[in-house]
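Inside the fold
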Amino acid sequence: MKKSLIAIAVLAATSSAAFAQSNVTIYGILDAGITAERGGAQGNVTKVTSGAASASRIGFKGTEDLGGGLSAIFKLETGVKVDDGTLDNTNSSLFNREAYVGLSSKTAGSLTLGRQYTPYYETLRDVGDPFAMGYAGTAKNLFPVASYMTRNSNAVVYKTPDLNGFSGAVSYSLGEQQGDASAARQVGGSLGYKNGPLNVAVAYNMKNNDTSVLKTAGVGHNSLIAANYDFKVVKVFAAFSKDKGQGSAPINGAASATATTNAFGYTFAQSADSQDALVGLTAPVSEAGTVMASYIRKNDKESFNRDADQWAIGYNYALSKRTSTYVAYAKIKNKNGAGYTVGNNTEAGTGDKAFNLGLKHSF
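Here the structure is a predicted model, which means the values were calculated and not measured.

**Details of the pairing of strand β18 (residues 323–334)**
- By the bridge criterion, 11 bridges tie strand β17 (residues 308–318) to β18 in an arrangement that is antiparallel. Bridged to Ala 318 within β18 is Ser 324.

Structure representation (structure tokens):
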């Protein structure tokens, strides 16, 4: 009995020492509210939505100090649905949002491997979109950030440290197609500059749509410039994207790069030559309240000229540092047979108008 107690004490001491050398954090977001969608072919719908402003999630992230300014880092993050308690994915992936491990240096930057955000998506979310890719006004309703352009699996990502306001990222996602190293691969990068109230960045994304079987699917290219400037009384945003090639403008919510959707009762295929432009703002209207607004134009350069315009407005009120309420509304005007829908952070939407009213808590 005495030996057992000594062994347990030694084990506990060893475990505590190991834990003390690492820093592991459990975190998450719970976001739920009411969404009302109008204008779809199947009629109007009102529902409880999980993650209209920010996708509901639970995650684990950690660091281990390796000495000399070098650390091991990891992150595992899964999406959840607050409305019904299920996982927020359709492919049975447990950590469908992010899953990576890597090394981080204070002077050399970070190198990570796994499932990660693309530099294009992060640039639009963090620099160009006043709705930060959430609410009914999300830029992803018209900008090409659906599906594979949001996150890459099998990705190797390098991010520089802050270099007097400059920072950059490079991402390479292996296609892992047997017998063809270039098929299905994705390459991206970004370069940003932040100084005081100014934040500006450029980003690029390339996706090879070929597979080991299909060799003529083509390549999609996306180039983005985004900026914001904080005047204190108002923060202004702008973004412009040029999308060229097959798969360069995947429809939000579509099952694949070449899928079509008929949310309005007709066939609507993605464009292989388009441009996207955004102007917007956020403005503090009280100590805890912030107004968000944006206008986005989708300019289809193909002969069909299937353009679209989106107007959006929202309001977020912080009840505390971790809890907030929000309301948002957006409307899309489709032209010449375009079929874009008003979604939110986690859903593609079913109509050309949508309203959100919700509550978000972070932990």
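**Focus on empty space enclosed by the protein**
- In the structure shown here, the tally under the stated rule is one cavity of 30 Å³ or more.
- Considering only enclosed or pocket space, the largest cavity measures out at about 50 Å³ in volume.
- Taken together, Phe 268, Ala 269, Gln 270, Ser 271, Lys 298, Asp 300, Glu 302, Arg 306 and Tyr 340 make up the lining of the largest cavity.
- Mapped by element, the contributors of at least two residues to the lining of the largest cavity are β14 (268–269) and β16 (289–300).

**Thoughts on the environment of Phe 95**
- On the secondary structure map, Phe 95 appears in the loop between β4 (70–79) and β5 (98–105).
- Its relative accessible area of 26% is what places Phe 95 among the partly exposed residues.
- Taking the C-alpha atoms as reference points, Phe 95 and Ala 330, separated by 235 residues in sequence, lie 31 Å from one another.

**Focus on the pattern of salt bridges**
- Counted according to the given criterion, the structure contains 16 salt bridges.
- For Lys 47, the salt bridge goes to Glu 347, with nearest N and O atoms at 3.3 Å. Taken together, the residues Lys 47 in strand β2 (residues 45–50) and Glu 347 in the loop between β18 and β19 (353–362) connect sequence positions 300 residues apart.
- We classify Glu 347 as partly exposed; its relative accessible area is 23%.
- Salt-bridge contacts for Glu 77 lead to Arg 57; the nearest nitrogen and oxygen are separated by 3.9 Å. Taken together, the residues span a long stretch of sequence, with Glu 77 in strand β4 and Arg 57 in strand β3 (residues 57–67) at a distance of 20 residues.
- Given a relative accessible area of 15%, Arg 57 falls into the buried group.

What counts as what
- Residues numbered from 1 in each chain as written.
- Predicted model: local features only at pLDDT ≥ 70, side-chain atom pairs only at ≥ 80, totals over all residues.
- Heavy atoms only, no water.
- Pairing = 2+ DSSP bridges.
- Helix = DSSP H or I, 4+ residues; strand = E, 2+ residues; numbered from the N terminus.
- 1 Å grid on protein atoms, 1.4 Å probe; cavity = no way out; pocket = protein on both sides within 12 Å on 5 of 7 lines; lining within 4 Å.
- Points joined across faces, edges and corners; volume = space filled by probe spheres on them.
- Buried < 20%, exposed > 50% of the residue type's maximum accessible area, 1.4 Å probe, protein only.
- Salt bridge = Lys/Arg side-chain N within 4 Å of Asp/Glu carboxyl O.

Without other data, these values stay purely geometric and don't point to any function.
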